[in-house]
Amino acid sequence: QVQLVESGGGLVQPGGSLRLSCAASGSIFSFNVMGWYRQAPGKQRELVAAITSGGSTNYADSVKGRFTISRDKVKNTLYLQMNSLKPEDTAVYYCNAAHLLSGYWGQGTQVTVSS
């Protein structure tokens, strides 16, 4: 089993920033795609950002220009830099790692944006 552990969530005011981290037990470069998802109460889980093994990225329209997904090979960690946060960004954020036929999830970290 692959172990993914998220951290970095918390309470922040609108317009503030947070950086989420996802530490993996295996090499993050062994996966075809890694990404961040989020789920707010009463809503479906949605893709926020993804990055392929080749470094290509894509983002949900709602976060383009504000969020950045990246990887650190030395620390074997996936990141999500979140800037200009809005109340509608409030959700539990999950790290995901996927091969063609298998996917793995972290436990999630809570992000709350409120004044």
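Residues numbered from 1 in each chain as written. Predicted model: local features only at pLDDT ≥ 70, side-chain atom pairs only at ≥ 80, totals over all residues. Heavy atoms only, no water.

Asks: Looking at this structure, I do not really get empty space enclosed by the protein. What am I missing?
Replies: Any empty space left between the atoms is revealed when a probe the size of a water molecule rolls over them. Going through the model one piece at a time under the given rule, you end up with one cavity of 30 Å³ or more. In this model, the largest cavity occupies a volume close to 30 Å³. Every residue lining the largest cavity is listed: Ile28, Phe31, Asn32, Val33, Met34, Ile51, Thr52, Ser53 and Arg71. For the lining of the largest cavity, the secondary-structure elements that each account for two or more residues are β4 (33-39) and β5 (46-52). Among the residues making up the lining of the largest cavity, the classes are represented as five nonpolar, three polar and one charged. (1 Å grid on protein atoms, 1.4 Å probe; cavity = no way out; pocket = protein on both sides within 12 Å on 5 of 7 lines; lining within 4 Å. Points joined across faces, edges and corners; volume = space filled by probe spheres on them. Helix = DSSP H or I, 4+ residues; strand = E, 2+ residues; numbered from the N terminus. Nonpolar A, V, L, I, M, F, W, Y, C, P; charged D, E, K, R; others polar.)

Asks: Quick question: what am I supposed to make of the nonpolar core here?
Replies: Most often, soluble globular proteins keep nonpolar side chains buried together rather than apart. One finds Met34, Trp36, Leu80, Met82 and Tyr93 to be the most contacted residues of the largest nonpolar core, which totals 29 residues. Those elements that provide at least two residues to this core are β3 (18-24), β4, β5, β7 (67-72), β8 (77-82), β9 (91-98) and β11 (109-113). Every residue in contact with Met34, bar those within four places of it in the chain, is listed here: Leu4, Ile28, Ala49, Ala50, Ile51, Ile69, Leu78, Cys95, Asn96 and Ala97. (Core = buried A, V, L, I, M, F, W, Y, C linked by side-chain atoms within 4.5 Å. Buried < 20%, exposed > 50% of the residue type's maximum accessible area, 1.4 Å probe, protein only. Contact = heavy atoms within 4.5 Å.)

Asks: Looking at this structure, how should I read unusual backbone geometry?
Replies: Negative phi is the rule for most residues except glycine; trans is the rule for most peptide bonds. A positive phi is found at Asn76, a non-glycine position, where the angle reads about 55 degrees. Within the secondary structure, Asn76 sits in the loop between β7 and β8. Phi at Ser84 takes a positive value of approximately 50 degrees, unusual for a residue other than glycine. Checked against the element boundaries, Ser84 lands in the loop between β8 and β9. When its relative accessible area of 42% is taken as the criterion, Ser84 is described as partly exposed.

Asks: For this particular structure, what's the right way to read the pairing of β5?
Replies: Look at any regular strand and the pattern is simple: side chains alternate between the two faces of the sheet. Relative to β5, β4 runs antiparallel, the two sharing six bridges. Paired with Tyr37 across the strands is Leu47, a residue of β5. Connecting β4 to the next strand, β5, in antiparallel fashion are six residues, including Gly42 with a positive phi near 80 degrees. As paired strands, β5 and strand β6 (residues 57-59) are joined by three bridges and run antiparallel to one another. Bridged to Ala49 within β6 is Tyr59. (Pairing = 2+ DSSP bridges.)

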